[in-house]
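# Structural features, examined
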Amino acid sequence: MKKLTALFLAICLVFTACACGGKEQPKPKDTSRPETETASVPENEDENTENEAPAEPEKIVYVYMTQNNMPETGELERIQKLLNEYTIEKINTEVELVLFSNSDYSTQLNLRLAGNEQSDLYRSMLSGYSTIDYIKDGSALDITDYLSTHLADAVDVMYDGLLATSTVNGRVYGLNVVTSNYVPRGWCYRTDIIEELDIDLSQVSSVFDLTDVFARVKEAYPDMVLCDPNRANVAFQAYLQDTLHMDPLGGDSSNAFSGVVMGDDATVVNLYEREEFKAIASLMREWYQAGYFPSDAATSTATTAELASSGNLFSMFAGLGNPKIAATFTSNYGYSYDSITISEAYSLSTTYDVWMINANCKAPEAAAKFLNLTFTDPYVYNLLTYGEEGTDYTLDENGCAVAPEGYDSLADVPYTNNLNYPYFGNKWLAYPVPGGLTGDAFEENKQQNYSAKLSEFYGFVYDNSEVEAEYLACSNIAEEYKKAVWVGSLELDQAIDDLNSKLYAAGLQKVLDSKQTQLDAWLGN
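Basis of the calculations
- Residues numbered from 1 in each chain as written.
- Predicted model: local features only at pLDDT ≥ 70, side-chain atom pairs only at ≥ 80, totals over all residues.
- Heavy atoms only, no water.
- pLDDT = per-residue confidence, 0-100.
- Contact = heavy atoms within 4.5 Å.
- Salt bridge = Lys/Arg side-chain N within 4 Å of Asp/Glu carboxyl O.
- Helix = DSSP H or I, 4+ residues; strand = E, 2+ residues; numbered from the N terminus.
- Pairing = 2+ DSSP bridges.
- Axes fitted to C-alpha atoms, helices over the stretch in contact; angles between N-to-C directions.
- Buried < 20%, exposed > 50% of the residue type's maximum accessible area, 1.4 Å probe, protein only.
- Phe/Tyr/Trp six-rings, centres within 6.5 Å; stacked < 30°, edge-to-face > 60°.

### Description of the confidence of the model for the protein
- For the protein, the average pLDDT comes to 87, and 89% of its residues sit at 70 or higher.
- Overall, residues 35-49 carries pLDDT values under 50, and its contacts beyond four positions in sequence, including any with other chains, amount to 28 contacts.

### Quick look at the pattern of salt bridges
- Inspection of the entire model under this criterion finds 17 salt bridges.
- Where R78 meets E388, a salt bridge forms, and the shortest distance between an N and an O atom there is 2.8 Å. Of this pair, R78 sits in helix α1 (residues 73-91) while E388 sits in the loop between α12 (378-386) and β14 (394-395), and the two are 310 residues apart along the sequence.
- Linking E479 and K482 is a salt bridge whose minimum nitrogen-to-oxygen distance equals 3.2 Å. You can see E479 and its partner K482 sitting in helix α14 (residues 468-487), 3 residues apart, about one turn around the helix.
- Here the residues in one salt-bridge network are E75, R78, E388 and D392, joined through shared partners.

### Considerations on the sheet that holds strand β8 (residues 246-247)
- Strand order across the open sheet formed by 3 strands is β8-β9-β10, with antiparallel pairing between neighbours. Whereas interior strands pair on both sides, the edge strands pair on one side only; in this sheet they are β8 and β10 (265-269).
- The pairing of β8 with strand β9 (residues 260-262) spans 2 bridges and is antiparallel. Within β9, the position partnered with M246 by the bridge is M262.
- Each of β9 and β10 touches helix α16 (residues 508-523); the most contacted strand, β10, lies at about 165° to it.

### Here's the deal with helix α7 (residues 233-243)
- Most of α7 sits inside the fold, with 10 of its 11 residues counted as buried.
- Buried residues belonging to α7 abut β7 (185-190), β8, α8 (275-290), β11 (315-319) and α14.
- Looking at the residues trailing α7, positive phi occurs at H245, about 60°.

### Considering the packing of aromatic side chains
- Taken as a whole, this structure holds 28 aromatic pairs when the rule is applied.
- Look at F214 and W287: their rings are 4.9 Å apart centre to centre, the planes differ by 90°, and that puts the pair in the edge-to-face class. In this pair, F214 is assigned in helix α6 (residues 211-220) and W287 in helix α8, connecting sequence segments 73 residues apart.
- Classification of F214 as buried rests on a relative accessible area of 0%.
- Take W287: its relative accessible area is 0%, and that puts it in the buried class.
- For the pair Y393 and Y431, a centre-to-centre distance of 6.2 Å together with 45° between the ring planes defines the contact as tilted. One end of the pair, Y393, is in the loop between α12 and β14; the other, Y431, is in the loop between β15 (401-402) and α13 (439-450), and 38 residues separate them in sequence.

This is the structure in structure tokens:
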């Protein structure tokens, strides 16, 4: 157990010692996959007596995100109507659904919050504001008192220690999603092309083994996009985070501008001065120059779904929290995909997939009840994920979600959000897709998530309050460079020199020193 001396760090928000719980091995919970039959609408849990008139439903706004195609307004309203037919009966709550793309989510959410536009439930993400930012600025409601009441069922299915990353001064401000705690990285590829060219993948075990594969495919398909630029950052995560056990102590391991630690060494260093970073960035530069990424990779707005559905994308990197994610790509994009693991899993000190209740919410108990459903209720979870059964998906004989008659894939249906299935609450509630995890494989993967290897610094959360101006300036500078570095479109040595010069001029050393001071206090040094 980390010593409690971190509680007295006067220059920053102080984080509860329960963060240390992240190092305990969690106990398996009953998160069995739902029965394949559609759940029936239940009776109201808060049934009124015969002499009382039914209370008016509370109204809340749920702001969520998608990386699938955005549904038409009428289709989203259809899903909202189905949801409310269920939630009004179950928890006497009416839910308005507000949906943004993953790429726009943080910006749009922050605009809503700044403008006091009703946004009762929302999620922190890696980009934009993080969990600690919403807590610091007062946007996140203290939900501690709900953990034993309206959120008790949700807490019961969470991995042990998971509340640590949303806890400040002993108070809890959000629920981290029960998603993939065990996330090796993978490379997903078109099986038809591999088979056609008779390419042997048996020796591919890391991102550095892919160059020869890309060369073969480039020769046969010179105009094809060989690697999805939208997911190039996963290559950095596979090498830096999973292989070398680099931990950014908050933030994205592929864009760790505020200092990192390597392995069990508690010294905070600038990632962009490390040879390890240059090694993976150099590989991306080599691929870009060879034409494996498109020439406009750093600026293109073409999404993964658009590239893959067009038939002109050979491969992409992906997290393999669901080791059968390639089956999802096959179902969504209409081409056969498979995957290879290119790194083992390594869980960082801090995660940001935290659902929060707005501090200005006028019906916080109703919001908590609905949040609880997203962690525990199969009907709600699969409605948000797949839409309406019979219209947006059907279940095959194995209980797998497939496109209904008249549609080629789940990507074509009126509503689906299945690419974001791990992010709504408890991913173990989602129906699989054909080729996905079922039976023993499902249970084995669940156990892997409960026993995942954690960072030596799991539970530490960095607070940049004392260097907020410098931190923001460094963040903006890194944002300018990150996509171009990920896809190798810049001359690397010059880009790294320029990046580091700008970062230090903006105050990076103060940020590094601040993070080191807080980490030392958390460690009890």
